Amino acid sequence: HRFDKEILGGQKPEYFDPITFSADFHQVKRFYQDNGFVHSQIDTSINVRSEKEMVFLTFLIKEGRRSLIDTIVYQGFENLSPEIINELTLNKQIEVGQPYIQNKVEEESRRIIKVFANNGYVNVKLVTVDARHYSSTDNFTLVFVFNPGKRYTFGTISVEQDTASPQRIDSTI
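About the criteria used
Residue positions are given per chain, counted from 1 along the sequence in the order it is written. Given that the model is predicted, a residue must reach a pLDDT of at least 70 before its local features are reported, and side-chain atom pairs must reach 80 or more before they are shown or counted; all residues, however, enter totals for whole chains, interfaces and linings. Values shown for side chains rest on all heavy atoms present in the structure; no hydrogens or waters enter the calculation. Strands are runs of DSSP state E lasting at least 2 residues, helices are runs of H or I lasting at least 4, and numbering of each runs from the N terminus. A 3.5 Å cut-off defines polar contacts: any pair of N or O atoms within that distance qualifies, except that in protein one atom must be a possible hydrogen donor and the other a possible acceptor, and neighbouring residues in sequence count only when both atoms are side-chain atoms. Expected helix span is taken as 1.5 Å per residue step, with the number of steps being one fewer than the number of residues. Exposure categories follow from relative accessible area, calculated using a 1.4 Å probe and restricted to protein chains: below 20% of the type maximum is buried, above 50% is exposed, and the middle band is partly exposed. This arc corresponds to the set of directions leading from the helix axis out to the C-beta atoms. Ring geometry is summarised as follows: Phe, Tyr and Trp rings, the Trp one being its six-membered ring, pair when their centres sit within 6.5 Å, and such pairs are stacked at plane angles under 30 degrees, edge-to-face over 60 and tilted between the two. Should any heavy atoms of two residues lie within 4.5 Å, those residues are considered in contact.

### A short note on the side chain of S40
By the element assignment, S40 lies in the loop between α1 (18-34) and β1 (41-49). One polar contact links the side chain of S40 to the main-chain carbonyl oxygen of F37, over a distance of 3.1 Å.

### Some points on helix α3 (residues 102-118)
Think of an α-helix as turning once every 3.6 residues; residues three or four places apart then point the same way. Helix length check: α3 (17 residues) gives 25 Å between terminal C-alpha atoms against 24 Å at 1.5 Å per residue, within 8%. Taken together, the buried positions of α3 are occupied by V105, E108, S109, R111, I112, V115 and F116. Buried residues along α3 cover an arc of 160° about the axis, so they all sit on one side. Facing away from the buried side of α3, by more than 90 degrees, are the exposed residues R110, K114 and N118.

### A few points about the packing of aromatic side chains
Here the structure, examined in full by the defined rule, presents 12 aromatic pairs. On the basis of an interplanar angle of 15° and a centroid distance of 5.3 Å, the ring pair of Y74 and F77 is categorised as stacked. Per residue, the accessibility class of Y74 equals that of F77, and both read buried. What links up through ring pairs into an aromatic cluster is the set Y74, F77, F116, Y121, F144 and F146.

### What to know about α1
Between its first and last C-alpha atoms α1 spans 24 Å; for 17 residues at 1.5 Å apiece the expected length is 24 Å, and the two agree. Of all the positions in α1, only F21, D24, V28 and Y32 are classed as buried. Viewed end-on, α1 has its buried residues packed into an arc of 70°, placing them on one side of the element. Turned more than 90 degrees away from the buried face of α1 sit I19, H26 and R30, all of them exposed. Of the surrounding elements, those touching the buried residues of α1 are β1 and β2 (54-62). Two to three positions downstream of the cap, the backbone nitrogen of I19 sits 3.1 Å from a side-chain oxygen, assigning the N-cap of α1 to D17.

So, in structure tokens, the structure goes:
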């Protein structure tokens, strides 16, 4: 695999720095972990060519098997209306059978919070997201735990005319 500057810290090639190289290694390892390659193996080599004043760096990556999502559990949906449950099941960012991708799990959390908030649960809390990796299947179970809190609704809406304004609002508006 070839990595661009963004993945490896955004630096243009200049001088070799072993600390930056170590940080780059950990960043690449994290990238693979966050994308479901929990058994990825990354080997590195440093080849110094002093006569050319150059350093050749190599990352040898063995991805291994990619872990999938085999179970998704949502807690905190128990006492919701069917309309809200229906909205929560639409436009999911993750599905069973898809590869485990950390960013998608985070997007799913944000999507659910938005649905709650747009339906009056303004104090909704994401208690936890537990990504459990099982060595027996090499896959993930995701458990989202939400505390919706109290649901708020609008009361009676009334419109009052500003007495200082010469414009009048039609009552049908």
